[in-house]
Structure formats: structure tokens, C-alpha cells
Amino acid sequence: MKGVGEPTDFQAAAAATATAAAAATAGCAAAKAHGETPADVENCETDQDWNVGNCGFMDTDWQQKIRSNSAAEDITQFPLYAWVNVTKDFHNACSELVPGELAQDMLFGLFEAMSAIEIMDPKMDVGMGFDKYDLPPPSFEAAVTMGAIKLDDLTSAELIGIFDALFACVVSWLEGNSMDQVLFTCLYLHAPSKIKDKALRVFCTSVRNLIVIIKNIIVTAGVNEEEDFQLYGNSALLAAEKAQPSAITGLLKEVEDELVRKCKQLTAPEDLMAVVHRLRFMRHLYQAIYQVELLSVAESAEEGVNEIYKSLNVAAELLPLIRRTIDRGTQPVEGSDTPNPMGFSPRIHDRSQPPTFPRSIKIRERPASFQFLEEMVGRFKYACKVIRHRDYYSALNFFIEYSRKSGQCILSRSFLQNLFTTGIRLVHGKQSMKQFLKYSVQIFNSPPVLNPKHPVANDPKVQQHLDTFFRYCINMNTFTQFIRICGFNRARQRDKLARLIENFDTIQVDAARLDSLMNLMANERALEGNELHATALKHSTHFSTWVLYNCFRAMLIFLMSGFELELYAVHEFLYIYWYPYEFLVGFLVSALTRTENILLAQEEYAEHQSKIQVNGGGGGAGKNRKPAKPKKNKKQQRPYRQEIVYYHALLSLCGGMYKAMGALTKDGRIRLPTSKFDNEEIRYNRRFSPFVPLTSPPPVSYAEFKNIRDHMMRPSVEELYAFAAKHFDQARNVLESMQNPEQEMLDLLQIARTNFVVMNVLAQGHQKGLKRQPEFDFSRHSYFPIIKLK
Amino acid sequence: MTERIEAKISVEDEKASIDSESEIIESSKNDELMKEGTQSIPQIDYSDFREESQLLSVKGLIDRELSEPYSIYTYRYFIYTWPHLCFFARHGDKYVGVIVCKLEPHGGLKRGYIAMLAVDGAYRRLKIGTTLTEKAIDTMVLGEADEIVLETELTNRPALRLYDSLGFIREKRLKRYYLNGADALRLKLFLKEPIYEEEDVD
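Just so we're clear, the structure is a prediction, and the values are computed from it rather than from any experiment.

Conventions used here
- Residues numbered from 1 in each chain as written.
- Chains lettered and ligands numbered in written order.
- Predicted model: local features only at pLDDT ≥ 70, side-chain atom pairs only at ≥ 80, totals over all residues.
- Heavy atoms only, no water.
- Helix = DSSP H or I, 4+ residues; strand = E, 2+ residues; numbered from the N terminus.
- Buried < 20%, exposed > 50% of the residue type's maximum accessible area, 1.4 Å probe, protein only.
- Contact = heavy atoms within 4.5 Å.
- Areas by Shrake-Rupley, 256 points an atom, 1.4 Å probe, with all protein chains shown as cover.
- UniProt positions renumbered as here; feature names shortened; annotations may be inferred.
- Axes fitted to C-alpha atoms, helices over the stretch in contact; angles between N-to-C directions.
- Parallel < 35°, antiparallel > 145°, perpendicular 65-115°, else oblique.
- Pairing = 2+ DSSP bridges.
- Domains from an automatic or database assignment.
- Buried area = accessible area lost by both parts, 1.4 Å probe.
- Salt bridge = Lys/Arg side-chain N within 4 Å of Asp/Glu carboxyl O.
- Polar contact = N/O pair within 3.5 Å; in protein donor to acceptor, adjacent residues only side chain to side chain.
- Nonpolar A, V, L, I, M, F, W, Y, C, P; charged D, E, K, R; others polar.

**Focus on the overall build of chain B**
Part 1 of the reasoning: Across its full length, chain B holds five helices and seven strands.
Part 2 of the reasoning: Reading the helices (α) and strands (β) of chain B from amino to carboxyl end gives α-β-α-α-β-β-β-α-β-α-β-β.
Part 3 of the reasoning: For chain B, the residues scored as buried account for 61% of the 202 residues in total.
Part 4 of the reasoning: Summarising the internal contacts of chain B: among those between residues at least 6 apart in sequence, 69% fall at separations of at least 24.
Part 5 of the reasoning: Summed over its atoms, the accessible surface of chain B is roughly 7,900 Å², and 52% of this surface lies on carbon and sulfur atoms.

The structure is reproduced here in C-alpha cells:
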């Protein structure tokens, strides 16, 4: 609290470091506190003088001791702590303070103030959720003794109820809730080995093992943030029984078979079959997830992923059967926070939670949970396709697409990261990342120096330069980082992209250096009379084009993600759409066009060469030869056609939005900041600040932007609307020309059409007297809104 | 688990101005002043923090209007450390609006932070929120603030509109930021030209 702004008349000092919180569980000395603090703090530990060190909050040993005890019992052990009543001393001390004055500890700051809990405040005090007459939440042993949970002879309905509730808990855990507050509210999970019913025992053991594997997968992928997933839970509980991951599928299969045999003897086996389906679903889901972990020791990525895919398929087929039989299980009591009548003790860990305000925990309902699982299995299946993408360009595309569709689910994102990294390692061998990147550039624009068939690839000097460049790429981590970033949640991606873009600058410089070295060597070789090598090295822009292209993409995603995250105010749309329209999309198109031209020229040259000269066999590893193959395919000459068309559409849409915003602003239909504090130049500079460190493209100053905008806005409002309409019309034409368009293209088409009409309507002077700000509806596409007049 | 170190903010909940986006721009001033048509415009007085009894009014107002709970220590932390950055709006004897801020060095800059802003539900659309914020920013500018930061709920349209109009930009989306699971936006008002951005530690 030694803030600079601290006034001299500051009389108060804050008090009683989080006394309230600590008192709730432990009972700790209250420092001098003003009457505002809960007067309930009557009993304090006084067997030694109070200091920061022995406050329960500071002492981790003490904290652990408290938490490891079954929480409910602490308070009942009153005599153990030799509590002494200090009420009188306390009130005496208080009388020395003036109203509002606080006794403050040096270490008491905002963090402590915010963490302090006011006892009896329903928003802060977890205990307020309890009724005075509530019994402490039962533990596993207590529930067994009371006869509240059955360990044997469970009916099918009871089993289904427990299984479904546990699936709901798994889903709620994956949605970011604490393991203790969802999964371990199930008492059966505390001690599965004590359960006599085999189906229940095996199921609960599977859930425990599944928890461990899922945690491993998420930790290995490393794309989780605190808001996505809580890694920590009651590890003592989890460790109580040994994990046996490899035994689980066998155990599940065994109990399944037993129950199926039983079913055959029943006249109405439907209920029991529903139990079997759940066990079977668990087995296949478990198997799929477990295999992801095992992939790291697999020999062939394809085989492993095929196995995973098979398991997922079976799991997906079982889900509709399970969803149809939800009502065969016991159902949660309406209004209760218990996910199932038997086996759960929702408040059991309330007192062992970190001493912060209670977060609202809502366990998903069963139908919604199974829907989540169904979608998740679908996402997993889709993720399996990543192993087909063995070069950077197509892998990055896959990741960008996957993030757009599955960005919300932490396990799906981690699943993909794991498959991809093991896949790369298995395909590209020891120096996997370097090989992968080399291979990727070769696929992207096929520099002759990377073609193992080409004699120039064996030139030691060339090899040395290439080696330096790719080692640098790996050290800078820029490319791999881009793919990893796509694994984070959408909100975090933006910050990380901003930093990534900066990193591209050094790689750009290095790639340009490599290209110019190649050109220099071309001259040397030409002088030596080595025409073949000279031609292969001449006019190289391969490496810088590759780097620039990826940098432009990162820039575009960064800029447009602001729409999806609702970071732009309407009055900012103008400069945001302006930049891709004026520069960025054009850069992307020219990078791709240049690449296609290079490929085409090489193709022609190769054909020409093969006619006049018998091909001298080049060395190189056998594996790396494969990529040369697709080049022979005529279609490959224009591999980026579709993407270029897409960017053309994007260009027109950005142009349309830019001019529409210009027209609407000039027309007085956009609310502009009116405050003396507003400064458009500062806002503009902030929005484009991640691009500033880049040499290429060079940063565009606010003054330049302003000039261009002023020029754009010179025509009359009607003309401006008409210009915007024209852009939307162009976008429509481009999009309509696409063959077999994907849903995204159809959505963009709809946006272009609608906005075309709206702009025309405004150009004709509709609603002239009524200057309302239109609505910008981004529900069709996250980058572009439908403009709606009201 | 990282604790939420900084306070949260929320102004004027959704119901405050239904359909506010569709408002006619040119007459918006009148709209906001002529509350419920017939009622005359109440006389609102503004003042800064003077003494302890006001603290309870602040607490009452904020507890009523904001979703996040704050312990009494949080109020004291802000109000007694930066009493000159706490402003009230009063209608007669009734406290109808409050803003609570701080101003501290932060990574080489001087950062102002708007911790809480609340306006009584019955006194919305009288520019009370705007006036309070402007007073606070003015004072922070005198204190040489480089930037002013705050968080607000993503769905709180009226608050976002207020800050948009003051020139704030929405810098970051914070997922599941609030106790109720809602997303937040971090907003920033830059009062000086950008120096190279320091890492933001959330």
C-alpha cells in the first residue's frame, strides 16, 4: 500500500490479513480490526504472539494440513487448539481507533483485500450455502455406514443414473470446472476398490484412469490456460488407488461380456443392455484417448491413428443408443444440485477449496452432456485427419480450420496437438522439425535447391546455407509456434499472434539473406560455366516468399480476430477493414501468384531440360524423393487457385465494408467518440502496433491512412454508398463463380448480397431523415457483418 | 490458480437502456435527458470522498448494481488510498452514482484503473456515468496518468457504449473472468503516444 498516490492524511491502515477466510477453517488470531469486520471472530489462538508467519495463510504446511483433513471435521476438534476468548481485549483495542481506521499489515494489499471473505455474506461465504441444520456432507465411509450408498446389487436404473451423472461430471470438468467440485463429488470415485458391484467398480476405475490420461494429454499439448481447464484436483484422492491404464479396456470388456450373457437370460434385457452400452462406450472412448498417449511409442503414426479412428467410430455409434435410454436411469431430483440421487455428495469439497469467493458450479444436464460427447468424438475423428497433412502449408490450414470449429474444447485442441506432433516425428524422423520445414518449403514453392534429384542440392555450400537457415527457423520457433497458437483458445490466440508477428521480422531478414546468397552463387556458378546450377540458383525468392506468406496470414488472422472477440467498436471498423483492403489481402494474393508463377516456370524449364539432356541421378535419402511426384501432375501448376479466389472475395468484402463505413460515417449514422480524451491517432497506432516492428510490409502511418481516407470520403454520400455496393457486387460475382463452394463461401455470398442491397437502398436516399446507426450482425461470419437498417 | 488481482467493473446493467443500439443519433442527447418523458431532469450534484459515512453509501450502491462481491477491505483499499479518485453523484441526499479508481506505476507507466462504477437503476441515462468517469479521468490526467484501464462484462452494452464514446479501446477478451463465468473485456484509454508495450500480466 505504498502507492505513489498515497495522501498524507491517509489515516487508515488495512487490517487483519484475511482473518475472515482463515477463521472459517482454522481459527486464527484476529489482528486489531475495526467493528466492520465480522464480530464472529471471537475465538483466537493465543498460545503464541501473532505474526504474519504463523497466520494460516502464509504457512503452506499448515494450509496443507488443514486441507488434507476431511474438511468438515476441523471445527469439531475445538479443544485441540486451546482456543481462548479474546473478545474483551479485542474490543479494548478497537476503542483506540477512529471510525474507518484500520490496523494495517505491511503485506496487506489489493490481492489480500480482494481475497478476504466476509463471513455471512452469501456472495463470499461458501458456508452460507448450508442450512443451519444441514449435516456435514458425508464422506464415502460415512455414506456407506449410513446406508446412503449401495455397494452391491445395484439395479440397472441405478447404474445408468450413476454412469450418466459421471459422464456429465467429466464433461463439466472438461469445461473448466474444478475436478473436486464436479468429479470427486461422486463418492464412488473415492474408493472404487471397495465397490462390490462389478460393473460399477470397473466403470469408476475407468473414470479415474481416464482422468489421469486426459490430464496427461492436456499437459503434453500445453495449449491450456487457467480459464480453460483446472489441472489440479485432490491428488491424494486420485492417488489412493493405483492407476492401471493398460488393464482398463480388458476389465470393461470382461464385465460387458458377463452382462451380455445375463441379458440373454432375461425376457426384458433393455435396461441391462443400456448399462452394457454405457460400459462399451466408455471402453471405446477410453481406448481412443489412451491410444493418443501410446502413440508416442508407436512405430507408425498411420496404424496408431487408424486404431484410434476405429474406436471413435464405435463410440460415435453407441452415443445415439445411450441418448435414447437416458430416461431409464435414476434422475436427479428437481431443484437439487446433486447430479444423481445416490452416490454424490456435492458439497464434500466446499471447505477444501482455495480461500476465494465461491465460483458457481453447474454440472451439465445429461442430454447436453451426451451432446457434448458426441460433438467431441466428432472433433476427435476430424482431428485424426491431421496426419494426412505432412507439410506446413496444409497443416497450418488444417489447424486454422480446426480452431475455428473446435476452439472451445480444451481436450479436442490438445488431442489434435498430440496427434500432430507425434505424426510429424514419426513421418520425418530424428530431426523431425527441420525435415518437416524443409519438406514444407519444397511442397510450397519447390526451390530446386531442396529437390534431392537436382544436382545443385548436393552442392556443399548450398547445403550449408540451407542448414543455417532452417536451424535458425527452428531456434526462433516461429513456424511451430504459429501452429501451436492455433491450439489455444480463441481469446488467447490474439495476444500470442501479436507477439508471433514481431518474431517474423528476423526470419524475414534471414530468408531474404538466403535468397540473395543463392543469387550470388548463381553468378559464381555461371562464371564457372555450370549452367545447370546457375539456373537453379538464379532469381530465387522462394524462401522470402514462403516466410512473408506465413507472416501475412498471421497478420490477417490477428486483425480479423478482433471482430470475433468483439474488440472493435463500430466507429473503428473503418480503419480495420481498410488495412486488408488496401494492403494485406493484396500482399497475400501476390505472394501466392508469385509462387504459382515460379512453379510454372520451373515446370517448363524441367520439361525443356529433360528433352535435351538425360537426367543424371541425384543422391539424397530415398524418403525425400517422393514429394517430386505431384509436380508431374498438371493440376499442381495452379495449386493455390482456390485460395487466391477466396482472397479476391475477401478483398472485395473488405473494400465494401471500408467504403460502407466511410459512407455511413459521412452520412452521420455512426456514433463517434465525442470526448476530449479520444484521440483517433493513438487508437489507430494501438490497433496496428504489432505490425510496426516488421520491415516488410512497412508500417503505414496514421497520416498516410488519413490522407487515403480523406480522399476516399470526398465524393457525395450517395456516391460512396454506390461504391460500397459495387464492391459487394464484385464479391458476389467472385463467390458465385466458385465451384462446389463450402458453407463459409455460401455465408459470405449471403453477406455480400444483402449488403449490396442495403448499400443500394441507402444510395437511393432511403431513411434520409432518420439517422440511425445500423446494426452490424456478425452471426453469419466472424469477419463480416450483415448491415441491417432498422 | 491465479487469483483475480484487479477489481472488476460493471456499469448500468442490460435493462438500463433496452435497444440502446437503435437509438437515433442526433437526438440522443434529448433522449438521455428526458427520462420517461414527463419527469423533469433531476438536479445531480457531484462531490469527491470526504468521510467514513460515505463509504457505506458506496458499498450499498455497488453491492446492489454489480455482480461481483467485494469485501470491505477492497473498498477501504481503494477509497482510503486514493480518496481523491472516488467521486459521488447525489440527488438531494441520495447517493445515486459512484466511481472508485486508483493510480499507480505499472511497468514503467503510470496506470489509472477504474475499479468500480455504478449508477442507481432509477437514474440511468442522465449522463451520470459519463460525468463521473470524466471527473475521474480529469483527476488522473492531473496525476500524469499514461493510460487508464478497466474491465467490464462483455454483455454490458451500455457500459461499452459509454467507454467507446470516451475513446477507450477494447484491448483484450478475458474468458470466464467473472465469478459467474461471464467473459470480460479489458478496455484501455491511452492518454499519451504509445511507448513500446510491456507484457501484460493478468
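Next comes the rest of the description.
**Quick look at the UniProt feature "domain: N-acetyltransferase" (unreviewed entry) in chain B**
Part 1 of the reasoning: Residues annotated by UniProt as "domain: N-acetyltransferase" (unreviewed entry) correspond here to residues 44-192 of chain B.
Part 2 of the reasoning: The distance separating the terminal C-alpha atoms of residues 44-192 of chain B is 32 Å; by composition the span is 33% helix and 36% strand.

**A word on the packing of helix H13 (residues 366-384) of chain A against helix H14 (residues 392-406) of chain A**
Residues and elements named next belong to chain A.
Part 1 of the reasoning: For the pair H13 and H14, the least separation of the axes is 11 Å and the interaxial angle reads 175 degrees. Overall, the two elements H13 and H14 adopt an arrangement that is roughly antiparallel. Of the residues in H14, those touching H13 at Arg-379, Phe-380, Tyr-382 and Ala-383 are Phe-398, Glu-401, Tyr-402, Lys-405 and Ser-406.

**Side note on the sheet that holds strand S7 (residues 184-190) of chain B**
Residues and elements named next belong to chain B.
Part 1 of the reasoning: Spatial ordering of the open sheet is given by S1-S2-S3-S4-S5-S7-S6, a layout of seven strands whose pairing is mixed. The open sheet terminates on both sides in strands that have one partner only, identified here as strand S1 (45-48) and strand S6 (169-174). Taken pair by pair, the neighbouring strands of this sheet meet at an average axis angle of 25 degrees, ignoring direction.
Part 2 of the reasoning: Here strand S3 (residues 94-106) pairs with strand S4 (residues 109-119) via ten bridges, running antiparallel. Bridge pairing links Gly-97 to Val-119 in S4.
Part 3 of the reasoning: Each of S1, strand S2 (86-91), S3, S4, strand S5 (147-153) and S7 is contacted by helix H4 (residues 128-142), which is oriented at about 30 degrees to S3, the strand it contacts most.

**Here we look at the domain arrangement of chain A**
Residue and element names in this part refer to chain A.
Part 1 of the reasoning: Taken as a whole, chain A is organised into domain 1 (140-381), domain 2 (430-560) and domain 3 (640-788).
Part 2 of the reasoning: Each of domain 1 and domain 2 has a C-alpha centre, and these two points are 46 Å apart.
Part 3 of the reasoning: Counting from both sides, the interface comprises eight residues of domain 1 and, opposite them, six residues of domain 2.
Part 4 of the reasoning: Between domain 1 and domain 2, the buried area comes to about 530 Å², and carbon and sulfur atoms account for 34% of it.
Part 5 of the reasoning: Broken down residue by residue, the surface that domain 1 buries against domain 2 is led by Val-223, Glu-225 and Glu-227, which jointly contribute 72%.
Part 6 of the reasoning: At the junction of domain 1 and domain 2, the tally comes to three salt bridges.
Part 7 of the reasoning: A salt bridge links Lys-496 to Glu-225, with the shortest nitrogen-to-oxygen separation between them at 3.3 Å.
Part 8 of the reasoning: In this structure, the connection of domain 1 to domain 2 is made through six residue pairs in polar contact (both at pLDDT 80 or more).
Part 9 of the reasoning: Looking at side-chain class alone, the side of domain 1 that touches domain 2 contains two nonpolar, two polar and four charged residues.

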